[in-house]
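Observations on the model geometry
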Amino acid sequence: TNPLALTLKGRVQLTNNKVDEAIETLRSGLNADPDMETAQILLGLAYEADGRVSFAEAQMAQAIDRNGLTPQLFTAYRGMLLRNDKNDEAADLTMRFARKEDATPEIRREAARVLLADKRAGDAEGLLRALLRNNPNDDAARRMLATAFIQQTLYQDAVATLDDLSDEAKLETRNMQLRAEALGRLDRYDEARSFLTEIAEGGNSPNAYALLTQLELNRGNNEAAVVTAERAVAAYPKAESLYLSHYNALVVSEQNAAAEAVLRRGLEKADTTANIRTLLSNQLMQEDRREEARDILISLRDDGQLNNLTANNLAALLLDLDDDPEAALAVAKRFEGTQQPFFADTLAWAYYRSGKIDKAAEYAAIAASADIDNAEILYHQGVIAAANGDEEKARAALTKALDAEGKTESVSVETIQSALSEL
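Let me sum up the structure you'll find in this document. Just so you know, these numbers come straight off a predicted model, no measurement behind them. (Residues numbered from 1 in each chain as written. Predicted model: local features only at pLDDT ≥ 70, side-chain atom pairs only at ≥ 80, totals over all residues. Heavy atoms only, no water.)

A closer look at the side chain of Thr-346
Mapped onto the elements, Thr-346 comes out in helix α22 (residues 341-353). If we skip the residues at most four places from it in the chain, Thr-346 touches Asn-312, Ala-315, Ala-316, Leu-319 and Ala-332. (Helix = DSSP H or I, 4+ residues; strand = E, 2+ residues; numbered from the N terminus. Contact = heavy atoms within 4.5 Å.)

Details of unusual backbone geometry
Not every positive phi belongs to a glycine, and Asp-85 is a case in point at roughly 60°. Among the secondary structure elements, Asp-85 is positioned in the loop between α5 (71-83) and α6 (87-98). What makes Asp-85 exposed here is its relative accessible area of 67%. At Asp-288, a residue that is not glycine, the phi angle is positive and equals roughly 60°. We classify Asp-288 as partly exposed; its relative accessible area is 47%. (Buried < 20%, exposed > 50% of the residue type's maximum accessible area, 1.4 Å probe, protein only.)

Notes on the environment of Glu-201
By the secondary structure assignment, Glu-201 is in helix α13 (residues 189-201). On the basis of relative accessibility, which here comes to 52%, the residue Glu-201 falls in the exposed class. On a C-alpha basis, the gap between Glu-201 and Glu-291 in space is 41 Å, while along the polypeptide they are 90 residues apart. Contacts of Glu-201, omitting those with residues within four sequence positions, involve Tyr-209 and Arg-231.

With respect to the side chain of Thr-94
Its place among the elements puts Thr-94 in helix α6. Relative accessible area serves as the criterion here: at 0%, Thr-94 is assigned to the buried category.

Details of the nonpolar core
In terms of nonpolar packing, the biggest core is built from 134 residues, with Leu-128, Leu-196, Leu-242 and Tyr-379 touching the most fellow members. Setting aside anything within four residues of it in sequence, one finds Tyr-379 in contact with Trp-349, Leu-398, Ala-401, Val-411, Thr-415, Ile-416 and Ala-419. (Core = buried A, V, L, I, M, F, W, Y, C linked by side-chain atoms within 4.5 Å.)

A closer look at the pattern of salt bridges
Applying the stated criterion across every chain yields a total of 34 salt bridges. Close ionic contact of Arg-289 with Glu-287 constitutes a salt bridge, the shortest N to O distance being 2.6 Å. When its relative accessible area of 24% is taken as the criterion, Arg-289 is described as partly exposed. Residue Glu-287 is classed as partly exposed on the basis of its relative accessible area, which comes to 35%. (Salt bridge = Lys/Arg side-chain N within 4 Å of Asp/Glu carboxyl O.)

Some details on the packing of helix α4 (residues 53-67) against α5
Taken N-terminus to C-terminus, the directions of α4 and α5 make an angle of 160°; their axes are 11 Å apart at the nearest point. It follows from the interaxial angle that α4 and α5 lie roughly antiparallel. Helix-helix and strand crossings are classified by hand; for α4 and α5 the assignment is left-handed. Mapping the contact onto sequence places Ala-56, Glu-57, Met-60, Ala-63, Ile-64 and Asn-67 in α4 and Leu-73, Ala-76, Tyr-77, Met-80 and Leu-81 in α5. (Axes fitted to C-alpha atoms, helices over the stretch in contact; angles between N-to-C directions. Parallel < 35°, antiparallel > 145°, perpendicular 65-115°, else oblique. Left-handed = near helix turned anticlockwise from the far one by under 90°.)

A short note on empty space enclosed by the protein
To find the voids left in a structure, one rolls a probe of water-molecule size over its atoms. Scanning the model with the defined rule gives one cavity of 30 Å³ or more in all. Quantified by volume, the largest cavity comes out at close to 30 Å³. Taken together, Leu-162, Leu-165, Lys-170, Asn-175, Met-176, Arg-179 and Phe-195 form the lining of the largest cavity. Here the element with the most residues in the lining of the largest cavity is helix α12 (residues 173-185); it accounts for three residues. Its residues assigned to classes, the lining of the largest cavity shows four nonpolar, one polar and two charged. (1 Å grid on protein atoms, 1.4 Å probe; cavity = no way out; pocket = protein on both sides within 12 Å on 5 of 7 lines; lining within 4 Å. Points joined across faces, edges and corners; volume = space filled by probe spheres on them. Nonpolar A, V, L, I, M, F, W, Y, C, P; charged D, E, K, R; others polar.)

Details of the layout of surface pockets
Taken as a whole, the largest pocket spans an internal volume of roughly 620 Å³. Here the element with the most residues in the lining of the largest pocket is helix α20 (residues 308-321); it accounts for seven residues. Counted as a void, the second largest pocket has a volume near 290 Å³. Lining the second largest pocket we find 18 residues, and of these Ala-364, Ala-368, Gln-381, Ala-385 and Lys-393 sit closest to its centre. At the level of secondary structure, the elements contributing two or more residues to the lining of the second largest pocket comprise α23 (357-369), α24 (375-387) and α25 (391-403). A breakdown of the residues in the lining of the second largest pocket according to their chemical character gives twelve nonpolar, two polar and four charged.

These values are about where atoms sit, not about what they do.
See the structure below:
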């Protein structure tokens, strides 16, 4: 009967797609405490997941009646409306959220962010001007007002607005980026360059160097971009982002060997290296240096810093290069429940290599539902179908794989033909 425990249980059930159970549990929680906002929101989401959108919206409206239009309810209800293609209703809710008499500056800033995300810069501008009338020192509102001006192509107004930021706020990366963008739109590149150079060389912001490098690249000044990036890593040898900026400038300049050397130097000197290792692993895979890529990805795994793409790459490399499918499956299991075909394919192949044919077939079917003409995915589908006793499906997938793009060293024409001959 504990409403908090029931709410948490309902959240777990909903996360595990046990929608009917979640609805029952959350109703029990609300019987115990009708005003529990989290339970109200979760019940609305559960109704939506069950396909009962009208029930879901009614639940959200009831929650607002009880608790008012709080930031949490606004975010959840707006997301629901957008998911169900009710953009006008979502926009009306946003304005209602911002115009509440008791709306705090935080609520109005949140509403302005939403309006800017929806490209409704005019509406956002009105909110932000009101915020600044009440508090001229609101740097967050001033930054968003500059964004609203840029969206409306009022670039001179954006620059003037950014001029009024506090000295501290002027050094924030996003504010420097906005100024550089607005000046660039006005064809005042020399001014943008001078502005970023002064901050960079003043020792106040390493990110000013990254923005300056990008400015030179945008202007086609690749050599100047490389020189700027070199100065940046010399001035801030521990800043990971600057090695990435230097790498990018060298790649654009088609200096790939030097680009790799920069990443290697960053591995030795930077305070953090997860992004460097991710980028380096991608380059090594593109160059078919798969063992080196695998070793770098393993270091990311060991540090708990794999994202979905690097996890997919590592699992695939472990399956191709190592005789340890269980290690690959341990990495790929993060994709349980996925509908993304490439992730589903990797998980299916990891299950197959680990002897779990039923699970392999389940995820191979998800990969196949996208109807992607990729030789590796089709080969996996064919082999898994054959192992599951479906020779017709296996032959169709493998035959299609012969003509498909995406063959690799481990899935070559010979590999596919060999699988066909075994049917």
